[in-house]
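Overview (structure and organization)
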Amino acid sequence: MILPGHLASAWMAARGLRTDMRAAMGAAMFPDLIDKPLRWVFGVTPNDRLPAHTLLGWGLTTALVGVLWGRRRAAGWATGYGAHLLGDQVNAYLNPGRLYLAWPFVRYRMHTGPTGLGSSLKDFGGRSLTLEALVTLVGLYAMWRHHRGLTSGAGADKEDAG
């Protein structure tokens, strides 16, 4: 999954679970902000889905957020991060990419193809791009409906943004 789908799925999950939206949005981007530069810029990992695209990364960062900012933010972080990993897992199922969720506890045969955004986007097939578009459009529609409800005052609930 790429950025629009990650953000849309995290927004919908956080809204549905009523968790901290800012934490969910940050976590939705976090694994890619860590793993892509480690591989593409610095070349220190075997592929662009380690170490943050793992259950260990999810758990450790959620615990850290909880210690630093409390349970509500940690729940939002866990929600956004989980949505990111779920989206990438579906994408890995539909395409040649891989996710190494149990790393470093399980040894994997690592996919070490070319690096960079162009090579990553080449891994996306038609089904994956269709799913990405669908998730993004549903998320945008849900955001529009939510915003419309808040601005019209009809059934508006006060959401904690922070």
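Residues numbered from 1 in each chain as written. Predicted model: local features only at pLDDT ≥ 70, side-chain atom pairs only at ≥ 80, totals over all residues. Heavy atoms only, no water.

Our focus in this paragraph is the overall build of the chain. Within the chain one finds six helices and zero strands. Taken from N to C terminus, the helices and strands of the chain fall in the order α-α-α-α-α-α. The buried share among the 162 residues of the chain stands at 39%. For the chain, long-range pairs separated by at least 24 residues make up 66% of all intrachain contacts whose partners lie at least 6 apart in sequence. (Helix = DSSP H or I, 4+ residues; strand = E, 2+ residues; numbered from the N terminus. Buried < 20%, exposed > 50% of the residue type's maximum accessible area, 1.4 Å probe, protein only. Contact = heavy atoms within 4.5 Å.)

Applying the stated criterion to the full structure yields one cavity of 30 Å³ or more. There is about 30 Å³ of room inside the largest cavity. The wall of the largest cavity is formed by Met1, Gly87, Asn91, Leu94, Ser128, Leu131 and Glu132. Counting residues per element, the ones that place at least two in the lining of the largest cavity are helix 4 (71-94) and helix 6 (126-152). (1 Å grid on protein atoms, 1.4 Å probe; cavity = no way out; pocket = protein on both sides within 12 Å on 5 of 7 lines; lining within 4 Å. Points joined across faces, edges and corners; volume = space filled by probe spheres on them.)

Okay, the packing of aromatic side chains next. Enumeration according to the criterion identifies five aromatic pairs in this entry. Look at tyrosine 100 and tyrosine 108: their rings are 5.1 Å apart centre to centre, the planes differ by 70°, and that puts the pair in the edge-to-face class. On the basis of relative accessibility, which here comes to 2%, the residue tyrosine 100 falls in the buried class. Here tyrosine 141 and tryptophan 144 contribute two aromatic rings whose centre-to-centre distance is 5.9 Å and whose plane-to-plane angle is 35°, an arrangement assigned as tilted. Within this pair, tyrosine 141 and its partner tryptophan 144 are both found in helix 6, separated by three residues, close to a single helical turn. Residue tryptophan 144 is classed as partly exposed on the basis of its relative accessible area, which comes to 46%. These aromatic residues form a ring-pair network of at least three members: Phe30, Trp77 and Tyr81. (Phe/Tyr/Trp six-rings, centres within 6.5 Å; stacked < 30°, edge-to-face > 60°.)

This part takes up the pattern of salt bridges. One side chain can pair with another of opposite charge once the charged atoms of both are near each other. Counted by the stated rule, this structure contains four salt bridges. Linking lysine 36 and aspartate 32 is a salt bridge whose minimum nitrogen-to-oxygen distance equals 3.6 Å. Taken together, the residues span about one helical turn, with lysine 36 and aspartate 32 both in helix 2 (residues 21-40) at a distance of four residues. Aspartate 88 is the salt-bridge partner of arginine 49, the closest N and O atoms lying 3.8 Å from each other. Of the two residues, arginine 49 is situated in the loop between helix 2 and helix 3 (55-69) and aspartate 88 in helix 4; the sequence distance between them amounts to 39 residues. Neither arginine 49 nor aspartate 88 differs from the other in exposure class; each is buried. Residues participating in the shared-partner salt-bridge network are Asp32, Lys36 and Asp48. (Salt bridge = Lys/Arg side-chain N within 4 Å of Asp/Glu carboxyl O.)

By the element assignment, aspartate 35 lies in helix 2. Of the buried charged residues, aspartate 35 lacks a salt bridge, with lysine 36 as the closest side chain of opposite charge at 6.7 Å. If sequence neighbours within four positions are ignored, aspartate 35 has contacts with Asp48, Arg49, Leu50, Pro51, Ala52 and His53. (Lys, Arg positive; Asp, Glu negative; His and termini not counted.)

Take helix 3 next. The terminal C-alpha atoms of helix 3 lie 21 Å apart, and with 15 residues this matches the ideal 21 Å at 1.5 Å per residue to within 8%. The set of residues buried in helix 3 consists of Gly57, Thr61, Thr62 and Val65. Along the long axis of helix 3, the arc covered by the buried residues comes to 120°, so they all point the same way. Seen from the open side of helix 3, the exposed residues pointing more than 90 degrees away from its buried face are Leu60 and Val67. On its buried face, helix 3 is in contact with helix 2 and helix 4. (Expected span 1.5 Å × (residues − 1). Arc of directions from axis to C-beta.)

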